[in-house]
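Single-letter residue listing:
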Amino acid sequence: MEGAYCCSFISENIVMNSTKSLRSIPASIWLLSLFFMGLTAIYGTQVPLNSDEALYWQHGRHLDWGFYTHPPMTGFLIHLSTSLFGDTLLGIRIVSSFLGGLVLVLIYLISWETTRDRYVSSVSVFIYLLLPMSFGLGVLMVTDVPLLFFHTCFVFFLRRAIIDESRFSWLLAGLTGGLMMQSKFLGAVTLPGILLFFLFNSKYRKCLLQIMPYLGLLVSLFVLIPFAFWNQQNDWINLQFLFKIRTQDDRFSYENLVSFLISFFVVYTPVFSLLLLTALLKNLFRQQQDPAGGGETKDSLILFSWIHAGVFGAYTILSLRHPFGAHWLASLQPLSAVLLAYFLVHFAKYPVFFRWVRVMGVVFCVPLTFAIYVAILHPQLLPDQWRYMQTIHDEPKPLSHYFGWEQVGKHVAGLLEENKGEARNIFLSSKDYGLASLLSFYTPGQPDYALFGYEEAMHGREYLEWSRPLQVERGDTLMVSDSPNTFRELQSVYDEVLPLEPLEVRDEGGLMRIFYFHLGIRMLENP
């Protein structure tokens with residue numbers, strides 16, 4: 001009876017708090033969220049899939065509790081969405097649009113529960129939408145999308161647990177924290193900032209003496225059990241990837257650090273990056289001046305600032321030895337928008353300064369974001385030297401990967417039809433996991449491709465596992481590549497390798513890329 005009463009009490013608390021929070025959200029934010037979902041969903045149907053998305057789509061087709069370089073969350077979400085909307089661009093990307101719209105609602109909630117100021121909360125959402133990556137992560141279905149969503153959920157419940165002293169929020173923070181780690185390993189960089197907050201804030205250090213944070217941790221670990229079991233069954237391959245294979249070529253380099261700093265100023269834009277650094281320093285300096293003073297708003301802002309400091313510090317250290325990806329900062333941006341909004345509204349001493357910053361923020365962000373996404377939608381607006389090859393012997397241009405997928409898919413289907421005679425069992429193959437994933441998506445019928453001659457130590461290793469059922473029947477293969485020399489890998493496997501006519505992808509401006517095809521006939525007994 002006591003257990004049932006406890007569960008009922010917890011459920012009622014969660015429902016009451018959730019209902020109260022949802023009622024605090026104005027209709028304009030819900031409408032903005034729906035508009036964002038619709039706009040990004042429509043945009044996503046007009047832009048070709050990229051190789052990362054195609055690989056995660058393959059994860060969704062070959063479900064497992066883990067993969068060699070990433071946790072399984074993105075694959076599970078794509079499997080769910082494609083089950084409802086089919087294996088289409090909309091089916092793959094609709095989840096990113098949906099989660100992106102919910103992130104706007106969460107930003108408003110975090111800001112409202114922190115400041116109790118509707119104007120600041122609305123400005124927080126507006127600032128996030130001005131940042132260039134916000135729209136992109138509402139379109140592309142990559143691992144950063146669930147990481148962004150669950151990280152924002154995690155911070156929302158963590159603030160409630162620590163600042164509002166909501167005991168049950170520790171369990172929800174544990175749940176969303178576990179889901180965050182099931183999305184991408186980079187979720188772990190949030191933890192140093194939380195520890196720093198407790199280290200420098202004696203007011204809340206008592207939380208560590210209570211049982212609820214540790215129950216929340218147990219919930220996180222419970223969520224990660226399937227992934228841990230999969231790793232145990234596969235020689236802890238993710239740990240090998242993170243701490244051995246991925247770092248084997250790392251070396252101390254100031255260039256990587258410079259790349260991180262440039263990425264920071266680009267991702268946040270020059271105006272907001274400088275304002276964010278100022279806001280962080282101001283919040284942390286206020287804590288040192290008066291560690292025990294201030295209300296819940298100040299304490300929440302300090303918590304958010306320490307999370308930023310921990311993430312920025314971790315990335316700074318990592319970037320000294322490892323190339324930095326600008327998208328690594330994406331999961332932090334909803335929280336950054338809350339800090340920026342409060343700083344601009346409450347700490348700007350002069351209204352003229354606030355107006356100037358608003359104007360400059362819009363001047364920097366809107367044209368930059370608009371230009372990026374119009375160029376993606378209409379790459380013909382970009383310089384010709386980024387698209388066109390001068391001769392068939394030229395290296396592919398930077399934008400070459402954008403073109404030709406539907407043409408090559410139809411061409412492959414035609415070649416299969418032409419060469420299916422003589423009772424041959426033909427399967428498709430390619431040179432690397434990115435190309436194979438995209439070819440699989442754009443080939444009619446969406447067949448799997450095997451890999452031949454793939455030398456990558458880790459990325460795409462799951463493709464080697466998926467290739468075995470195709471190769472076990474020892475059939476002939478049609479190998480598709482965007483490199484003329486890849487067919488040599490077939491010569492060690494097949495008795496005869498026949499070159500087929502290449503496919504040149506052109507438009508009125510010239511040659512954009514070339515696909516090459518080779519037919520491997522009679523697989524050797526001991527290749």
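Residues numbered from 1 in each chain as written. Predicted model: local features only at pLDDT ≥ 70, side-chain atom pairs only at ≥ 80, totals over all residues. Heavy atoms only, no water.

Describing the overall build of the protein
Stage number 1. For the protein, the helix and strand inventory stands at 20 helices and five strands.
Stage number 2. Of all 527 residues assigned to the protein, the portion counted as buried reaches 52%.
Stage number 3. Across the protein, every contact between residues at least 6 apart in sequence was considered, and the portion connecting residues at least 24 apart equals 74%. (Helix = DSSP H or I, 4+ residues; strand = E, 2+ residues; numbered from the N terminus. Buried < 20%, exposed > 50% of the residue type's maximum accessible area, 1.4 Å probe, protein only. Contact = heavy atoms within 4.5 Å.)

Some remarks on the environment of Y204
Stage number 1. Inspection of the secondary structure assignment puts Y204 in the loop between α10 (191-200) and α11 (212-233).
Stage number 2. Using a relative accessible area of 4% as the deciding quantity, one classes Y204 as buried.
Stage number 3. Note: C-alpha distance between Y204 and E165 (39 residues apart in sequence) is 9.4 Å.
Stage number 4. Sequence-distant contacts of Y204, defined by excluding residues within four places in its chain, comprise I162, I163, F197, F198 and D299.

Looking at a nonpolar patch on the surface
Stage number 1. On the surface, a cluster of nonpolar side chains totalling about 650 Å² of accessible area is made up of L208, I211, Y214, L215, L217, L218 and L221.
Stage number 2. In this fold, L215 is placed in helix α11.
Stage number 3. Accessibility expressed as a relative area gives 32% for L215, which makes it partly exposed. (Patch = residues over 30% accessible without salt bridge, like charges linked within 9 Å, V, L, I, M, F, W, Y side chains within 5 Å. Areas by Shrake-Rupley, 256 points an atom, 1.4 Å probe, with all protein chains shown as cover. Salt bridge = Lys/Arg side-chain N within 4 Å of Asp/Glu carboxyl O.)

Topic: the packing of helix α5 (residues 89-115) against helix α6 (residues 118-130)
Stage number 1. Orientation of α5 relative to α6, taken along the N-to-C sense of each, is 145 degrees, at an axis distance of 8 Å. The interaxial crossing formed by α5 with α6 has right-handed handedness. Here V103, L104, I107, Y108, S111, W112 and T115 of α5 lie close against α6, whose contacting residues are R118, V120, S121, S122, S124, V125, Y128 and L129.
Stage number 2. Residue composition of the contact of α5 with α6, by class: nine nonpolar, five polar and one charged. (Axes fitted to C-alpha atoms, helices over the stretch in contact; angles between N-to-C directions. Left-handed = near helix turned anticlockwise from the far one by under 90°. Nonpolar A, V, L, I, M, F, W, Y, C, P; charged D, E, K, R; others polar.)

Overview of helix α18 (residues 405-418)
Stage number 1. The end-to-end C-alpha distance of α18 is 20 Å, a good match for the 20 Å that 14 residues give at a rise of 1.5 Å each.
Stage number 2. Along α18, the residues classified as buried are W405, V408, G409, V412 and L415. The buried residues of α18 occupy one face: seen down the axis, they fall within an arc of 125 degrees. Away from its buried face, by an angle of more than 90 degrees, α18 presents the exposed residues E406, K410 and E418.
Stage number 3. Of the surrounding elements, those touching the buried residues of α18 are β1 (426-430), α19 (433-442), β2 (449-451), β3 (476-481), β4 (494-507) and β5 (510-523). (Expected span 1.5 Å × (residues − 1). Arc of directions from axis to C-beta.)

A few points about the pairing of β3
Stage number 1. Summarising burial for β3: six of the six residues are buried, a large majority.
Stage number 2. Both faces of β3 are covered, namely the face carrying D476, L478 and V480 and the face carrying T477, M479 and S481.
Stage number 3. Where β3 meets β5, five bridges bridge the pair, whose relative direction is antiparallel. In the sheet register, T477 faces β5, and the bridge partner there is G520. (Pairing = 2+ DSSP bridges.)

Observations concerning unusual backbone geometry
Stage number 1. One non-glycine residue, E165, lies in positive phi territory at about 55 degrees.
Stage number 2. Counting through the fold element by element, E165 comes out in the loop between α8 (144-162) and α9 (167-183).

Describing the pattern of salt bridges
Stage number 1. As enumerated under the stated definition, the model contains 14 salt bridges in all.
Stage number 2. Of the charged contacts in the structure, one is a salt bridge between R387 and D384, with a shortest N-O distance of 2.8 Å.
Stage number 3. Taking relative accessible area as the criterion, R387 reaches 5% and is therefore assigned buried.
Stage number 4. The network of salt bridges with common partners includes E113, R159, R160 and D164.

Examining the sheet that holds β2
Stage number 1. Spatially, five strands are ordered β2-β1-β3-β5-β4 in an open sheet, and the strand pairing comes out mixed. Because the sheet does not close on itself, it has two edges, and the strands there are β2 and β4. Each neighbouring strand pair of the sheet contributes to a mean axis angle of 30 degrees, computed without reference to strand direction.
Stage number 2. Taken together, the three bridges between β1 and β2 define a ladder with parallel strand orientation. Each residue of the ladder has a partner; that of L428, found in β2, is Y449.
Stage number 3. Against the sheet, α19 engages β1, β2, β3 and β5, with an angle of about 170 degrees to β2.
Stage number 4. Sitting on the sheet, helix α20 (residues 461-471) touches β1, β2 and β5, and the angle it makes with β2 is about 110 degrees.

Focus on the packing of α5 against helix α15 (residues 296-319)
Stage number 1. It is the contact of α5 with α15, at a shortest axis distance of 8 Å, that shows an interaxial angle of 135 degrees. One element, α5, and the other, α15, form an angle in the oblique class. For the pair α5 and α15, the contacting residues are I110, T114 and T115 in the first and T297, S300, L301 and F304 in the second.
Stage number 2. Split into classes, the residues belonging to the contact of α5 with α15 amount to three nonpolar, four polar and no charged. (Parallel < 35°, antiparallel > 145°, perpendicular 65-115°, else oblique.)

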